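Here is how the chains run, residue by residue.
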Amino acid sequence: MKDITFKEKVKQGINDLFYIWLREFRTTFRDQGVLIFFVLVPLVYPLIYGFIYTNEVVREVPAVVVDASRSSLSREYLRKVDATPDINIVAYCADMAEAQQMLKDRLAYGIIYIPSEFSQDIARGKQTQVNIYCDMSGLLYYKSMLLANTAVSLDMNRDIKIERAGNTTARQDEITGYPIEYEDVALFNPTNGFAAFLIPAVLILLIQQTLLLGIGLSAGTARENNRFKDLVPINRHYNGTLRIVMGKGLSYYMVYSLVSVYVLCVVPRIFSLNQIGQPGTLALFMLPYLAACIFFAMTASIAIRNRETCMLVFVFTSIPLLFISGISWPGAAIPPFWKYFSYIFPSTFGINGFVRINNMGGTLSEVAFEYKALWLQTGFYFLTTCLVYRWQILMSRKHAIERYKELKTREKGEVRREK
């Protein structure tokens with residue numbers, strides 16, 4: 001073959017890059033499995049999560065009462081608890097045994113026990129108590145029970161103190177009831193809702209996981225269709241590492257640029273979730289996140305030998321990655337090993353950065369650590385992807401040469417037999 005100039009090599013490389021991009025783009029929309037992970041799952045899963053947690057908080061938790069006092073004061077306390085949006089008193093039990101049985105039968109998720117000396121202790125000026133028993137299999141039940149009873153007890157404490165103070169003016173009553181005035185402000189989550197807390201992290205993780213599954217499925221398909229089970233086909237357009245990596249990466253990036261707009265902008269708006277970040281800041285942050293996820297998935301696809309393997313390898317990682325990201329469980333409480341282990345995955349920095357930008361109104365300078373980490377991951381996983389595909393090109397050539405030698409040897413043997 002005659003030598004070609006550098007300019008011709010560059011032109012050929014660019015042509016091959018767009019050939020690979022177009023072929024991968026067509027594969028994405030022709031392969032039903034890849035199409036499901038790249039389009040259907042990002043379209044449907046966020047809606048499912050949003051509808052599940054659309055109520056944000058748990059309301060009207062069924063509770064039962066054991067009122068051993070049976071006084072006007074205990075009835076007032078229970079009436080106020082039942083009037084809160086958090087608790088719904090469904091039954092009054094004769095004793096604790098009956099109440100515990102209702103908890104076992106899942107007819108209620110909490111017990112409010114008022115002792116017999118409740119009203120007498122208050123009348124004597126002694127401190128009394130109300131006992132709360134909660135079903136701890138669901139922590140949100142405990143939260144509702146605790147908040148409702150705490151609010152009612154503080155309200156009744158104020159009234160009792162004002163009654164005993166003997167004040168003569170409303171201002172004196174106000175100071176007696178609240179010597180220290182306080183205001184409870186829920187920052188960045190006004191409703192104290194579960195959806196506003198969890199859904200943003202799930203949306204970011206969904207992008208990484210669907211890329212892992214879709215690219216893994218595509219890699220498994222390529223191996224199954226290859227005679228030698230190689231990732232790179234025997235094709236003159238695939239004769240270069242950069243053109244393969246950039247061609248495939250560009251195809252995935254174009255698809256997920258649109259998917260990200262839907263997942264991160266449209267879905268939160270549909271469910272009225274908190275969105276106070278600047279669009280430009282969010283777009284700049286997603287630039288390295290998508291690149292890091294794509295190259296990470298392309299590197300991980302080396303482990304995929306067939307179409308089904310990606311489901312076995314990647315699906316189970318979703319919940320652990322959500323836990324170690326520092327959102328579902330406080331980052332300060334995560335052991336150092338798992339904290340540093342989480343730095344392998346782009347989702348760790350993506351989740352924390354996205355929540356600070358989108359939910360807290362942060363700027364790029366305020367998420368500089370996550371932003372720089374994502375660019376470092378992009379560079380690192382780009383290099384590992386190049387190494388993976390370079391090795392695959394060499395293996396593909398090796399297998400082709402071995403097959404050629406095998407055919408030549410067989411052909412020579414047949415010629416000898418004919419002679």
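It should be emphasised that the depicted structure is a prediction, and the values quoted were computed from it without experimental measurement. (Residues numbered from 1 in each chain as written. Predicted model: local features only at pLDDT ≥ 70, side-chain atom pairs only at ≥ 80, totals over all residues. Heavy atoms only, no water.)

Draft legend 1. Layout of the side chain of Asp86. Assignment of secondary structure puts Asp86 in the loop between helix 3 (72-83) and strand 2 (87-92). Residue Asp86 is classed as buried on the basis of its relative accessible area of 14%. For Asp86, the residues in contact, after removing those within four places along its chain, are Val58, Arg59, Glu60, Val61, Ser144 and Ala148. (Helix = DSSP H or I, 4+ residues; strand = E, 2+ residues; numbered from the N terminus. Buried < 20%, exposed > 50% of the residue type's maximum accessible area, 1.4 Å probe, protein only. Contact = heavy atoms within 4.5 Å.)

Draft legend 2. Summary view of the pattern of salt bridges. One pass over the structure, following the stated rule, counts twelve salt bridges. With a shortest N-O distance of 3.0 Å, Asp86 and Arg59 are connected by a salt bridge. Of this pair, Asp86 sits in the loop between helix 3 and strand 2 while Arg59 is found in the loop between helix 2 (32-52) and strand 1 (61-67), placing the two residues 27 residues apart along the sequence. A salt bridge links Lys80 to Asp159; the nearest nitrogen and oxygen atoms lie 3.7 Å apart. One end of the pair, Lys80, is in helix 3; the other, Asp159, is in helix 6 (residues 139-165), and 79 residues separate them in sequence. On the basis of relative accessible area, Lys80 is assigned to the partly exposed category, the value being 24%. (Salt bridge = Lys/Arg side-chain N within 4 Å of Asp/Glu carboxyl O.)

Draft legend 3. Here's a closer look at the packing of aromatic side chains. Within this structure, the stated rule accounts for 25 aromatic pairs. Pairing Tyr53 with Phe194 gives two aromatic rings, centres 5.3 Å apart and planes at 55°, and the pair type is tilted. Highlighted residues: Tyr53 in the loop between helix 2 and strand 1 and Phe194 in helix 8 (residues 194-225), separated in sequence by 141 residues. Note on Tyr53: relative accessible area 26%, which makes it partly exposed. Judged by relative accessible area, Phe194 falls into the partly exposed class, the value being 27%. Following the ring pairs from residue to residue traces out a cluster consisting of Phe296, Phe337, Trp338, Phe341, Phe345, Phe380 and Tyr381. (Phe/Tyr/Trp six-rings, centres within 6.5 Å; stacked < 30°, edge-to-face > 60°.)

Draft legend 4. Structural view of the sheet that holds strand 3 (residues 110-114). Pairing in this open sheet of four strands is mixed, and the strands run 2-1-3-4 from one edge to the other. The sheet is open, and its two borders are formed by strand 2 and strand 4 (131-134), each paired with just one other strand. Averaged over all adjacent pairs, the angle separating strand axes in this sheet is 30°, with direction ignored. Where strand 1 and strand 2 come together, five bridges link them in parallel fashion. (Pairing = 2+ DSSP bridges. Axes fitted to C-alpha atoms, helices over the stretch in contact; angles between N-to-C directions.)

All we've got here are geometric facts, nothing functional implied.
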